[in-house]
Amino acid sequence: MCLIENIALNKVAWQDHPYGDSKYAADRAVDGLTSDLSLWGGECVVSNPTYDSSEWRVDLGNVLGIHHVNILYVTNNDPWGSLLLFVYYYLLTY
């Protein structure tokens, strides 16, 4: 059995151009919570949409080899394969 460790869990995270208050801050990306991926669920990082790009960083505390990175998008809790308007808008329109 292969266990995958989340090496970013609860590490220091940063983003440029955050959206509004701390409810959408970068630390949401590394808190391990993924049960509510709606825009208003309080578990997603949100960037200010008035900028053309955004950057997120996580301090892993050491130099590490990374096999892969999983990025979960705001899906409004719809299953993958359905029409995911948030993902479509943010990935395909920029």
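Comments concerning the nonpolar core
Buried together is how nonpolar side chains tend to be arranged in soluble globular proteins.
And then number 1: The biggest cluster of nonpolar side chains holds 6 residues, and these are Tyr24, Leu37, Leu39, Cys44, Val46 and Val74.
And then number 2: For Leu37, the residues in contact, after removing those within four places along its chain, are Cys44, Leu72, Tyr73, Val74, Thr75, Asn76 and Asn77.

Observations concerning the environment of His68
And then number 1: With respect to the secondary-structure elements, His68 resides in the loop between strand S2 (56-59) and helix H1 (85-92).
And then number 2: Given a relative accessible area of 39%, His68 falls into the partly exposed group.
And then number 3: Within the local environment of His68, its side chain forms a polar contact with the side chain of His67, the two groups lying 2.9 Å apart.

A closer look at the side chain of Gln15
And then number 1: Relative to the helices and strands, Gln15 is located in strand S1 (residues 12-15).
And then number 2: You can call Gln15 buried: its relative accessible area is 7%.
And then number 3: For Gln15, the side chain forms a polar contact with the main-chain nitrogen of Ala26, separated by 3.0 Å.
And then number 4: Among the polar contacts made by the side chain of Gln15, one reaches the side chain of Ser47 at a distance of 3.4 Å.
And then number 5: Not counting residues up to four positions away in its chain, the partners in contact with Gln15 are Tyr24, Ala25, Ala26, Val45, Val46, Ser47, Glu55 and Trp56.

Rules behind the numbers
Within each chain, residue numbers correspond to sequence positions counted from 1 in written order. A pLDDT threshold of at least 70 governs which residues receive local features in this predicted model, and a stricter bar of 80 or more applies before side-chain atom pairs are shown or counted, although totals over entire chains, interfaces and linings include all residues. Note that the side-chain values use all heavy atoms of the structure and ignore hydrogens as well as water. Residues belong to one nonpolar core when they are buried, are Ala, Val, Leu, Ile, Met, Phe, Trp, Tyr or Cys, and are joined through side-chain atoms within 4.5 Å. A 1.4 Å probe rolled over the protein chains alone gives each residue an accessible area, and that area as a share of the maximum for its type sets the label: buried under 20%, exposed over 50%, partly exposed in between. What makes two residues a contact is simply this: any of their non-hydrogen atoms within 4.5 Å. Labels follow the DSSP assignment, with helices taken as runs of H or I lasting at least four residues and strands as runs of E lasting at least two, numbered in each case from the N terminus. The term polar contact refers here to a pair of N or O atoms within 3.5 Å; inside protein, the definition further demands a hydrogen-donor-capable atom paired with an acceptor-capable atom, and it admits residues adjacent in sequence only when both atoms are side-chain atoms.

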